Amino acid sequence: MPVQVIDGAPETLLPSHLQKVDLKYLQWGCDQANKYFQGTVILSYPLTKLVNGTEFFKIVLQESENSCSKTSTINVLFFGRLADDCGKVVHQGDTMVVAGFNVAKSPSANEDDRHCCHLEVSEDAGSAVYIYTKPSTVTASETASMPVAPKYTYTPLNHLKDGTIVNLYGAVKFFKPPYISKGTDYCSVVTIVDQSNVKLTCTLFNGNLDALPKIYKIGDIVRFHRIKVWDGTKCPHPSWKVLVEESDLEGDKVLIHQLRNLIVDILVYDNHVKLAKSLKVGSFLRIYSLHTKQASAENQPDVSYVEFHLHGGTCYGRGIRVLPENNPDVKELKAFMDSVNLAESQNVESMSSMELDGIFSNLSYQSYSQRCQELSVTVLTDHQHLDDTALNTILNSSVPQQYRIRAKLRTFKPQKLYQSVKLYCSKCNSLQEVPDGDDFDLILRDCAASAPNPEVHNSLWYDSEVWDTENQGQRKIAVHFVKHDELLQEPEDTLIMVQGGTLKEIRKLSRRFKCIIPVRSTKEDLELLDLSAPFLLQGKIWHYGCKQCSNQKTIQSLSSLAEEEPSWEPTEIARVLGIEPLQYVFVMKFTLDDGTGALDAYLFDYEKFFQIPASEVLTSSLLQEKMEMIMNILCPPGTKLDDLPWLECFIRSYTVKDGMEQQVCYQIFDTVVAEDVI
């Protein structure tokens, strides 16, 4: 069974071929087929479903042996049936063993301060999970060894100072149940009061919610919503009037018209829309973290107005609360509103309401189309200060420039997503296709036709072994094991040079050894193959060099790395061998349309946009499915333009020479796919 719940020691019932791996030795690109990782569950997220219907479950494991280390925790992602099975039985404090996992770079490592990689677990990858449940009873000796809870000094709320870390103690006066704030992060809002009679609103995140009742519900991606509100006072500035059909308004139309100079329009976004739609006319509300913006009309810059927005997300307690009729604040507000003389508000101001409506009507439509659309399926990573620019404006602007846009992905190329992965040289800016494995196999077989030269076997920095293949015309395979301090390293840390092996044999060796360099022998020395073949194999990733920019050195240059404590990083190996490495990149063409115009923008990205390493896509069916799922969300097949999701992007314009003419091109940058899409 892929998931086993065991009552016993973690070492029991594990297959004998599995070897334990520590976090400090865990890195993507290395074979983990016979490895397992063990840790304690310190945090689990709700079982949910991806957009394609696949079950998804996320936990955080802490490595007990190195719990004091900065990277003692790692994210573990479960997919499919394993996600469903583990989501039902995993509890905080359980010891878990994960085997047969895939290792990928963690896109949230900089934010959550966990390991730079995460583990991906699924039945398709042949994964197995062993859960050792936390004992329900505690012996006397265990009780005696338990640490005593430390005594805390609490700070009164009226003594709080900015930038300090304190312990607080108080009675809860208000509690907002936890809900999604960003990706899989949860937050809650609690207001407390202490003996100093000072109220403090606290926002709690993730692990701090363990003691609170949880509401696991991911907000829908929806359109904005509007409510009109009035608190009995008059706004000192003209307020932004949203263009809306009169038939769409709810409530007393006469009263709405009577209060038109007193009420304000508030735009409500994203996860707050569901509650906003359910509000009843006459309800008393408390709106948290409402964003106001003062702006000027384009045709009359001396006339200012105020916009009110309740943006998506839950940062700083952002949200809406309906107050009950017996709330003291409601009683006070009702008494004040009843005392207001509405007739006075109908007096003619310095500018009539009809004139104000004329100023803001065109501006309201523009703001409606630019700011109040569906939640974007992409996220900007920089330059937040830039305003959106329409595509027809960009098409008629000078080059080069940078823009922030909001558009829809009408089409993209290539349709076969694996064809988007290319090899790029940063020195000469050349692009080339990733060579086919069959081509590499032909090069290897051609080299295998020549017998290894025994004169170049064994040296001060490598040991050599030669094997005869059976039933293959007595073909010989030579493997040269690179040493450090005249000693061989563990296989998972060893660089080997292979001569005479076929592609199948080299792939088998790559599951055992950290790095492989294919070589052939001359009369004097070993040498690299032609750069049509990869110069280095690291797990399933093949590293290529640029033929034009590389200035190859002899294989003896590797001895300088062997003298140090070798990590066998591909960039270092390429440097000492005089090779200019080629980088795996995604190259795609997006046709973007915002209703004002359309343009083709190129995506040229290593791993940020999809948050998937381009170097791993071609050898991982799981990542290929993930990429296909993402593109089906960005550009659902068979969907009309009006129903496509919005993409918020940065694009830059530049020129390239096309013969004797200059051609204007556009490139997407500093943009990533939103976490809830991934």
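Criteria and cut-off values
Residues numbered from 1 in each chain as written. Predicted model: local features only at pLDDT ≥ 70, side-chain atom pairs only at ≥ 80, totals over all residues. Heavy atoms only, no water. Helix = DSSP H or I, 4+ residues; strand = E, 2+ residues; numbered from the N terminus. Buried < 20%, exposed > 50% of the residue type's maximum accessible area, 1.4 Å probe, protein only. Contact = heavy atoms within 4.5 Å. Areas by Shrake-Rupley, 256 points an atom, 1.4 Å probe, with all protein chains shown as cover. pLDDT = per-residue confidence, 0-100. Phe/Tyr/Trp six-rings, centres within 6.5 Å; stacked < 30°, edge-to-face > 60°. Lys NZ or Arg CZ within 6 Å of the ring centre and 35° of its normal. Expected span 1.5 Å × (residues − 1). Arc of directions from axis to C-beta. Pairing = 2+ DSSP bridges. Salt bridge = Lys/Arg side-chain N within 4 Å of Asp/Glu carboxyl O. Polar contact = N/O pair within 3.5 Å; in protein donor to acceptor, adjacent residues only side chain to side chain. Patch = residues over 30% accessible without salt bridge, like charges linked within 9 Å, V, L, I, M, F, W, Y side chains within 5 Å. Lys, Arg positive; Asp, Glu negative; His and termini not counted. Charge placed at Lys NZ, Arg CZ, Asp CG, Glu CD. Core = buried A, V, L, I, M, F, W, Y, C linked by side-chain atoms within 4.5 Å.

S.K.: When you look at the overall build of the chain in this model, what are you seeing that I'm missing?
M.R.: Looking only at helices and strands, the chain features 15 helices and 35 strands. Across the 678 residues of the chain, 43% fall into the buried class. Within the chain, counting contacts between residues at least 6 apart in sequence, those at least 24 apart form 62% of the total. Here the chain displays about 37000 Å² of accessible surface, and carbon together with sulfur accounts for 50% of that area.

S.K.: I tried to follow unusual backbone geometry on my own but got confused; where do I start?
M.R.: Working note: non-glycine residues mostly have negative phi, and peptide bonds are mostly trans. Here the amide bond leading from V399 into P400 is cis, since omega sits at 0 degrees, within 30 degrees of zero. With respect to the element layout, P400 can be found in the loop between α9 (391-395) and β21 (402-413). K413 connects to P414 through a cis peptide bond whose omega is 0 degrees. Its location among the elements puts P414 in the loop between β21 and β22 (421-424). Not every positive phi belongs to a glycine, and N429 is a case in point at roughly 60 degrees. Structurally, the position occupied by N429 is in the loop between β22 and β23 (431-433).

S.K.: Sorry, what's going on with the confidence of the model for the chain here?
M.R.: Regions with low pLDDT carry predicted coordinates that are not meant to be interpreted in detail. Here the chain averages 76 in pLDDT, while 71% of its residues score no lower than 70. The low-confidence segment residues 136-152, where pLDDT is below 50, has 4 contacts with residues more than four positions distant or belonging to other chains. Overall, residues 179-185 carries pLDDT values under 50, and its contacts beyond four positions in sequence, including any with other chains, amount to 23 contacts.

S.K.: Before we go on, may I ask you to explain the packing of aromatic side chains in this structure?
M.R.: In this description, a pair of aromatic rings is defined by centroid distance and the angle of the planes. Evaluated as defined, the whole model comprises 10 aromatic pairs. Between F57 and F78, the ring centres sit 5.8 Å apart and the planes meet at 40 degrees, which makes this aromatic pair tilted. Here F78 lies in strand β6 (residues 73-79) and F57 lies in strand β5 (residues 55-62), a separation of 21 residues in the sequence. Neither residue differs from the other here; F57 and F78 are each classed as buried. An aromatic cluster of at least three residues, connected via ring pairs, comprises F586, F590, F609 and F610. When the ring centre of F669 is taken as reference, the NZ or CZ atom of R652 above it lies at 3.9 Å.

S.K.: It is not clear to me how helix α15 (residues 621-634) should be interpreted in this structure. Could you clarify?
M.R.: Look at α15: 20 Å from first C-alpha to last across 14 residues, which is about the 20 Å you get at 1.5 Å a residue. Listing the buried residues of α15 in full gives L622, L623, K626, M627, M629, I630, M631, I633 and L634.

S.K.: Just checking my understanding: could you explain helix α1 (residues 81-89) for this structure?
M.R.: The α-helix advances 3.6 residues per turn, and as a result positions three or four apart in sequence lie on the same side. Burial in α1 covers these residues: L82, A83 and C86. Viewed end-on, α1 has its buried residues packed into an arc of 100 degrees, placing them on one side of the element. Across from the buried face of α1, at angles greater than 90 degrees, the exposed residues are R81 and K88. Where α1 is buried, its residues contact β1 (3-6), β5, β6, β9 (117-121) and β10 (128-132).

S.K.: Looking at this model, I keep getting lost on the pairing of strand β34 (residues 661-669). Mind explaining?
M.R.: The side chains of a regular strand alternate, first on one face of the sheet and then on the other. Pairing of strand β32 (residues 598-605) with β34, which is carried by 3 bridges, proceeds in the parallel orientation. Looking at the pairing, A601 lines up with Y666 of β34. Connecting strand β33 (residues 646-658) to the antiparallel partner β34 that follows it, the hairpin turn spans 2 residues, and G659 within it adopts a positive phi of roughly 70 degrees.

S.K.: Help me understand the pattern of salt bridges in this model?
M.R.: When charged atoms on two side chains of opposite charge get close, those side chains can pair. Tallied over the full model, the rule gives 17 salt bridges. When the shortest N-O distance is used, the salt bridge between R475 and E505 registers 2.9 Å. Taken as a pair, R475 in the loop between β24 (462-468) and β25 (476-482) and E505 in helix α11 (residues 503-510) lie far apart in primary sequence, 30 residues in all. Looking at R475, the relative accessible area reads 11%, which means it is buried. Among the residues examined, E505 registers a relative accessible area of 23% and is labelled partly exposed. Among the ionic pairs, E527 bridges to R520, the shortest N-O distance being 3.0 Å. Owing to a relative accessible area of 31%, R520 belongs among the partly exposed residues under this scheme. Counted as one network, the salt bridges with shared partners bring together D388, R404, R406 and E648.

S.K.: Which parts of the structure should I look at to understand the side chain of E120?
M.R.: On the secondary structure map, E120 appears in strand β9. A polar side-chain atom of E120 sits 3.1 Å from a polar atom in the side chain of H118. Residue contacts for E120: discarding those within four places in its chain leaves L77, F79, F101, N102, A104, S127, L622, L623 and K626.

S.K.: Quick question: what am I supposed to make of a positive patch on the surface here?
M.R.: Together, K504, K508, R511 and K540 make up a region of like positive charge exposed at the surface. For R511, the position within the fold is in the loop between α11 and β27 (515-521).

S.K.: Explanation requested: the nonpolar core in the structure shown.
M.R.: Soluble globular proteins tend to pack their nonpolar side chains together in the buried interior. In this structure, I405, L409, M588, F590, F610, M631 and I651 are the most contacted members of the largest nonpolar core, which totals 66 residues. Membership of the second largest hydrophobic core comes to 25 residues, among which are V3, F37, V41 and I74.

S.K.: Help me understand the environment of P645 in this model?
M.R.: Along the chain, P645 turns up in the loop between α15 and β33. The spacing of P645 and L634 is 11 residues in sequence and 6.5 Å in space, taken between C-alpha atoms.

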